[in-house]
Amino acid sequence: MKRFFDTELETFRSDLILMGETSIRQVRDAVKALVEGDVSLADRVIAADDEIDLLEVKIDEGAMRYMNLRAPVATELRLVIVGMKASHDLERVGDECTTIAKRAVRLAAEPPLKPYIDIPRMAGIAIEMLRDALDCFLNGDTEKALAVVRRDSEVDAINKQLYRELSSYMIENPATTTRALELMFISKSIERIADHACNIAEEMVFLAKAQDIRHREELKKGPVV
Amino acid sequence: METPAAPAKFSVNLPAGSPDVPGTANTLIDIRNFDFFYGAKQALFDINLKLDDKRVTAFIGPSGCGKSTLLRCLNRMNDLIDGTRITRGDISIRDVDIYGRDVDAIELRKRVGMVFQKSNPFPKSIYENITYGLRIQGVNNKARLDEVVEKSLRGAALWDEVKDRLHESGLGLSGGQQQRLCIARTIAVEPEVILMDEPCSALDPIATAKVEELIHELKKQFTIIIVTHSMQQAARCSDKTAFFYMGKLIEYDDTRTIFMNPGNPQTEAYVSGRFG
């Protein structure tokens, strides 16, 4: 049965999807700005963070209003709870993109330390993880959500490898320290973006199945029942 | 759906008596394959339900779904209606078939008390309302009756409000106080089970909150079955919830499951207010 306040939930859902799409665009643009040394694009990424922040506030307000006035239960309650948590994760993704963009601006002023191969590869995986986590929101595919969680180790491995490589640059040539540290922090930001994608995927499992798989490795192997 | 229990390090400490405190409960009332008719019309279809001792169970469902009918079967109130019949199944309390030939319905109703939608104090004093059940059982010792009056009124969270006017009419109390007086009258005869048929539907939010607090306290001593149309009341007060539709039991589970992740789409639609 349709209810007169159904449009509030539809708006809530579409705001969350918009926030997810905006966050993915920000990750892509921030890394592109780094790789291409595009300061103008980096500035646009920094400015666009406000869009994400506003969406987080709007989603929180919508969730609090819905819980307060519509007394949701079951799937609706899980949607509202998960929406608030996922929007917080997406807001943090946006913050990491701002960090990457600011460092990209600084790195653009200097010659590249090395060809950017691993960072775009990491970012590509993180973007796929975010995309898959958001797909789970649309279609409730918990197997895909669990695959996102399992993929986190790929990003962690590249991050560690990059740390080792950049450390050796600094040891061999201390003049590279500033640039190497910037790249380490960028790598860490992308690793955190992947962590947020995992959080969102775990939240989507809760949305679909009411099962909390956080910190429970045995459940992350799946399948979710 | 059974959600695997979280490991101990992530479990949340809940207050004793909270519906979410895990623990095993014994079955007090066992309803098996129960069919019930009003004349030619079948009101209950093959009900199978085990109700836990010292727990609150909520019966929910749209009007006419059979929840009040089943409630009234638990103390044989339906015996008083012409044309009712049970064609199959049985109900046992502590393994005794309550429709057995040697069971006295009056005795049964002492063990299974009832509180109705509309408070119905007798047109007598508060004191006499409480002692009525005991007097007809032949208890006349004043000290004993005084003791029961105080204990019952305290049990119903009404003592402080009425202790100075015990001999005034029960009809002079507010609606919420009258309902608690009826609960006190019910617990005065020390039943095992209290049936509540929409006990708060005529009460304001403050009186409702007092009755709900009372339910939470009373379940330490009594098994409570409550019929309610308020989903929030079922969620707040009950440990288990049974959802009925068109005379059938659709789903029965822990209340937290019914309101967080019901297994049946009809249950979800009903508790979400999207039925029909």
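*Asks:* So what's going on with the overall build of chain A? Residues and values would help.
*Replies:* What chain A contains, in helices and strands, is seven helices and zero strands. Going from N to C terminus, chain A has its helices and strands arranged as α-α-α-α-α-α-α. Against the globule reference of 17 Å for 225 residues, chain A gives a C-alpha radius of gyration of 19 Å, in line with a compact fold. With respect to the principal axes defined by its C-alpha atoms, chain A has extents near 65 × 40 × 20 Å. The buried share of chain A, taken over its 225 residues, is 41%. Contacts in chain A between residues at least 24 apart in sequence constitute 80% of all its contacts with a sequence separation of at least 6.

*Asks:* Tell me about the interface of chain B and chain A, and please be specific about residues and values.
*Replies:* Interfaces are often sized by the accessible area lost when the parts come together. If you look at the interface, chain B gives 15 residues, while chain A gives eleven residues. Of all the secondary-structure elements, those providing two or more residues to the side of chain B that touches chain A are helix 8 (231-237), helix 9 (255-260) and helix 10 (265-271) of chain B. Residue classes in the side of chain B that touches chain A are distributed as seven nonpolar, six polar and two charged.

*Asks:* Talk me through the confidence of the model for chain B; I want residue IDs and the actual numbers.
*Replies:* Summing up the model confidence of chain B, the mean pLDDT is 90 and the portion of residues at 70 or higher is 91%. Predicted complex, confidence summary: ipTM 0.78, pTM 0.84.

*Asks:* Before we move on, could you go through helix 2 (residues 39-70) of chain A and cite the residues and values that matter?
*Replies:* Residue and element names in this part refer to chain A. An ideal rise of 1.5 Å per residue puts 46 Å on 32 residues; helix 2 measures up with 46 Å between its terminal C-alpha atoms. In helix 2, a bend of some 25 degrees at Ala47 exceeds every other bend along the element. The complete set of buried residues in helix 2 reads Ala42, Val45, Ile46, Ile52, Leu55, Glu56, Ile59, Gly62, Ala63 and Tyr66. Against the buried residues of helix 2 lie helix 1 (6-36) and helix 3 (74-108). Where helix 2 terminates, the next one or two residues include Ala71, which has phi positive at roughly 45 degrees.

*Asks:* Describe the sheet that holds strand 3 (residues 56-60) of chain B, naming the residues involved and giving the relevant values.
*Replies:* Residue and element names in this part refer to chain B. The sheet built from six strands is open, its strands ordered 6-7-8-3-9-10 with mixed pairing. The outermost strands of the open sheet, each flanked by one partner alone, are strand 6 (112-115) and strand 10 (248-254). If you compare each strand with its neighbour and ignore which way they point, the axes differ by 20 degrees on average. Two strands pair when backbone bridges link them, and strand 3 and strand 8 (residues 223-227) are joined in this way by four bridges, in the parallel orientation. If you follow Val56 over to strand 8, its bridge partner there is Ile224.

*Asks:* Give me the environment of Asp132(A): which residues, what numbers.
*Replies:* All names here are of chain A. Relative to the elements of secondary structure, Asp132 occurs in helix 4 (residues 118-139). On the neighbour-count criterion, Asp132 (19 C-beta atoms within 10 Å) is partly exposed. Look past the residues within four positions of Asp132 in its chain and what remains in contact with it is Lys144, Ala147 and Val148.

*Asks:* Any chance you could break down the sheet that holds strand 2 (residues 41-52) of chain B for me, citing the residues and the numbers?
*Replies:* Ordered in space as 2-1-4-5 (chain B), the four strands form an open sheet in which the pairing is antiparallel. If you trace the sheet from one side to the other, it starts and ends with strand 2 and strand 5 (96-97) of chain B, each paired once.

*Asks:* Before we move on, can you summarise helix 1 of chain A with the specific residues and values?
*Replies:* Between its terminal C-alpha atoms helix 1 of chain A stretches 45 Å, which fits the 45 Å expected from 31 residues at 1.5 Å a residue. Trailing helix 1 of chain A by a residue or two, Gly37(A) shows a phi angle of about 60 degrees, which is positive.

*Asks:* Talk me through the pairing of strand 2 of chain B; I want residue IDs and the actual numbers.
*Replies:* Residues and elements named next belong to chain B. With eight bridges joining them, strand 1 (residues 27-38) and strand 2 adopt antiparallel strand pairing. From the neighbouring strand, Thr27 faces strand 2, where its bridge partner is Asp52. In this structure, the hairpin formed by strand 1 and strand 2 is closed by a connection of two residues, where Gly39 is found at a positive phi of approximately 60 degrees.

*Asks:* Describe the nonpolar core, naming the residues involved and giving the relevant values.
*Replies:* Residues and elements named next belong to chain A. Judged by nonpolar contacts, the single largest core of 134 residues is most densely connected at Ala126, Ala133, Ala197, Ala201 and Met204. Examining the composition of this core, we find that 15 residues originate from one element, helix 6 (residues 177-209), more than from any other. Excluding anything up to four places from it in sequence, Ala201 contacts Ala133, Cys136, Ala145, Val148 and Val149.

Analysis parameters
- Residues numbered from 1 in each chain as written.
- Chains lettered and ligands numbered in written order.
- Predicted model: local features only at pLDDT ≥ 70, side-chain atom pairs only at ≥ 80, totals over all residues.
- Helix = DSSP H or I, 4+ residues; strand = E, 2+ residues; numbered from the N terminus.
- Rg over C-alpha atoms; globule rule 2.2 N^0.38 Å.
- Buried ≥ 20, exposed ≤ 12 C-beta atoms within 10 Å, placed from the backbone.
- Contact = placed C-beta atoms within 7 Å.
- Nonpolar A, V, L, I, M, F, W, Y, C, P; charged D, E, K, R; others polar.
- pLDDT = per-residue confidence, 0-100.
- Expected span 1.5 Å × (residues − 1).
- Bend = angle between axes of the 7 residues up to and from the residue.
- Pairing = 2+ DSSP bridges.
- Axes fitted to C-alpha atoms, helices over the stretch in contact; angles between N-to-C directions.
- Core = buried A, V, L, I, M, F, W, Y, C linked by C-beta atoms within 7 Å.

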